[in-house]
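# Residue-level structural notes
This is what each chain is made of:
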Amino acid sequence: RPWDLPPSAVTDKSKVAQAVEVVRESVYRRLNQELPYSIVPVHDSWTNFDNGSYRIEQTIVVDSVPIKQIVVGKRGSVIGQIGIR
């Protein structure tokens, strides 16, 4: 299926909203069928550095301890993979 929009199209979402969507997508891709739709990434901070890089911090909010265990994974393995992307 072809893309709905041309490559030259731009978004009206803020950089923060885009970052939240990137994390949400990374969570969905990593957890596949295990993921309940009650997981919500929340923006905490955005820091720009002199070298052009930036640091984005977000909290992934879940509604129960069992879901938290799935998202974190054994010794942080799942959340680490989400953060690396």
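Structure report, in brief. These figures come from a predicted structure and were not determined experimentally. (Residues numbered from 1 in each chain as written. Predicted model: local features only at pLDDT ≥ 70, side-chain atom pairs only at ≥ 80, totals over all residues. Heavy atoms only, no water.)

### Observations regarding the overall build of the protein
When helices and strands are tallied, the protein shows three helices and two strands. Shown N-terminal to C-terminal, the secondary structure of the protein runs as helices and strands in the order α-β-β-α-α. If you line up the protein on its principal axes, its C-alpha atoms span 40 × 40 × 20 Å. Per-residue burial over the protein gives 16% buried out of 85 residues. In the structure as shown, the protein presents an accessible area of about 6800 Å², 55% of it carried by carbon and sulfur atoms. Looking at charge distribution, the protein has the averaged site of its 11 positive side-chain charges lying 7 Å from that of its 9 negative ones. (Helix = DSSP H or I, 4+ residues; strand = E, 2+ residues; numbered from the N terminus. Buried < 20%, exposed > 50% of the residue type's maximum accessible area, 1.4 Å probe, protein only. Areas by Shrake-Rupley, 256 points an atom, 1.4 Å probe, with all protein chains shown as cover. Lys, Arg positive; Asp, Glu negative; His and termini not counted. Charge placed at Lys NZ, Arg CZ, Asp CG, Glu CD.)

### A short note on the nonpolar core
In terms of nonpolar packing, the biggest core is built from seven residues, these being Val-27, Leu-31, Ile-39, Ile-67, Val-71, Val-78 and Ile-82. Contributing elements (two or more residues each) for this core: α1 (15-31), α2 (65-72) and α3 (77-84). (Core = buried A, V, L, I, M, F, W, Y, C linked by side-chain atoms within 4.5 Å.)

### Focus on the pairing of strand β2 (residues 54-61)
The sheet contact formed by strand β1 (residues 40-48) and β2 spans eight bridges and is antiparallel. For His-43, the partnering residue across the bridge sits in β2 and is Gln-58. The hairpin formed by β1 and β2 contains five residues between the paired strands, and Gly-52 there has a positive phi angle of roughly 95 degrees. (Pairing = 2+ DSSP bridges.)

### Considerations on the side chain of Gln-58
Tracing the backbone through its elements, the reader meets Gln-58 in strand β2. Residue classification places Gln-58 among the buried residues on the basis of a relative accessible area of 19%. The contact partners of Gln-58, leaving out residues within four places of it in the chain, are Ala-19, Val-20, Val-23, Pro-41, Val-42, His-43 and Asp-44. (Contact = heavy atoms within 4.5 Å.)

### Section: the environment of Ile-56
Here Ile-56 is to be found in strand β2. For Ile-56, a relative accessible area of 32% puts it in the partly exposed group. Each residue touching Ile-56, except ones within four places of it in the same chain, is listed here: Ala-19, His-43, Ser-45 and Trp-46.

### Remarks on a nonpolar patch on the surface
Side chains of Val-40, Val-42 and Val-61 sit close together on the surface and give an oily, nonpolar patch of about 190 Å² of accessible area. Relative to the assigned elements, Val-40 resides in strand β1. Look at Val-40 and you get partly exposed, because its relative accessible area is 37%. (Patch = residues over 30% accessible without salt bridge, like charges linked within 9 Å, V, L, I, M, F, W, Y side chains within 5 Å. Salt bridge = Lys/Arg side-chain N within 4 Å of Asp/Glu carboxyl O.)

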